[in-house]
Amino acid sequence: MQRFTLPKSTRLCSTDAVGRLFDRDAAHGVVAYPLRAVWRENRERSRGEALQFMITIPKKKLRHAVDRVTMRRRVREAYRLARRTYQDMLPDNERIDLAFIYLGDKLTSYHVIERSVHKILSRVCRMPDIAKPESHE
């Protein structure tokens, strides 16, 4: 039976990795409203899960901490349930850092968040093959 846990190794915690993730030159992005995702391939990371993620809910969008926590939980739960499916699509040596950024200005239902997470993960897990330069020999 498959366990749907979300261990510490799936979280993007490194300050350097987060800084490189938000570098405009190296990162890719996609919007699936109400979420925006920024991701990049991280060749320096050798340990941990193939997909490491972080969630950002801006205080400017949701003023109350209770609302930010609720949305963070909804995004985390949708990611927790979907990640195994998409993580298996990645090659063994592929390491991706991913950030979910909430764009909405009010609470959104879990089902909408879940659809957005699936759209984002399907795009992210296909992107490394598209982004690799072709060899012209």
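Going by the structure above, here's the rest.
As a starting point, this report considers the structure included with it. Remember, it's a predicted structure, so these values are computed and weren't measured experimentally. (Residues numbered from 1 in each chain as written. Predicted model: local features only at pLDDT ≥ 70, side-chain atom pairs only at ≥ 80, totals over all residues. Heavy atoms only, no water.)

## Brief notes about the overall build of the protein chain
A count of helical and extended segments in the protein chain gives 3 helices and 4 strands. Secondary structure elements of the protein chain, listed N to C terminal, follow the sequence α-β-β-β-α-β-α. Computed over C-alpha atoms, the radius of gyration of the protein chain comes to 15 Å, within 12% of the 14 Å expected from 2.2 N^0.38 for 137 residues, which places it in the range of a compact globule. Considering only C-alpha atoms, the protein chain reaches an extent of 55 × 40 × 25 Å along its principal axes. Burial status across the protein chain gives 40% buried among its 137 residues. (Helix = DSSP H or I, 4+ residues; strand = E, 2+ residues; numbered from the N terminus. Rg over C-alpha atoms; globule rule 2.2 N^0.38 Å. Buried < 20%, exposed > 50% of the residue type's maximum accessible area, 1.4 Å probe, protein only.)

## Considering the nonpolar core
Counting 29 residues, the largest nonpolar core has L98, F100 and I120 as its most contacted members. Going through the elements one at a time, β1 (28-32), β2 (35-41), β3 (51-56), α2 (65-87), β4 (96-102) and α3 (110-131) are the ones with two or more residues in this core. Counting residues in hydrophobic clusters, the runner-up holds 7 residues, among them L12, L21, V38 and A99. (Core = buried A, V, L, I, M, F, W, Y, C linked by side-chain atoms within 4.5 Å.)

## Here's the deal with unusual backbone geometry
That bond from Y33 to P34 is cis: its omega, 15°, falls within 30 degrees of zero. Within the secondary structure layout, P34 lies in the loop between β1 and β2.

## Considering the pattern of salt bridges
Counting across every chain of the model gives 5 salt bridges. Note that R43 and E41 form a salt bridge whose closest N and O atoms lie 3.3 Å from each other. Its relative accessible area of 65% is what places R43 among the exposed residues. We note a salt bridge from R83 to E49, for which the minimum N-O separation is 3.5 Å. With R83 in helix α2 and E49 in the loop between β2 and β3, the pair connects residues that are 34 residues apart, well separated along the chain. Its relative accessible area of 1% is what places R83 among the buried residues. (Salt bridge = Lys/Arg side-chain N within 4 Å of Asp/Glu carboxyl O.)

## Description of a positive patch on the surface
The grouping of K8, R11, R73 and R76 at the surface amounts to a positive patch. Considering the arrangement of structural elements, one finds R73 in helix α2. Owing to a relative accessible area of 56%, R73 belongs among the exposed residues under this scheme. (Patch = residues over 30% accessible without salt bridge, like charges linked within 9 Å, V, L, I, M, F, W, Y side chains within 5 Å. Areas by Shrake-Rupley, 256 points an atom, 1.4 Å probe, with all protein chains shown as cover. Lys, Arg positive; Asp, Glu negative; His and termini not counted. Charge placed at Lys NZ, Arg CZ, Asp CG, Glu CD.)

## Points about the packing of aromatic side chains
All chains considered together, the criterion is met by 3 aromatic pairs. A ring pair is formed by F53 and Y79, whose centres lie 4.1 Å apart and whose planes are at 35°; its orientation type is tilted. One end of the pair, F53, is in strand β3; the other, Y79, is in helix α2, with 26 residues separating them in the sequence. Accessibility expressed as a relative area gives 4% for F53, which makes it buried. On the basis of relative accessibility, which here comes to 0%, the residue Y79 falls in the buried class. Each ring, one from Y79 and one from F100, has its centre 5.9 Å from the other, and the planes form 65°; the classification is edge-to-face. Of the two residues, Y79 is situated in helix α2 and F100 in strand β4; the sequence distance between them amounts to 21 residues. Among the aromatic residues, those joined into a ring-pair cluster are F53, Y79 and F100. (Phe/Tyr/Trp six-rings, centres within 6.5 Å; stacked < 30°, edge-to-face > 60°.)

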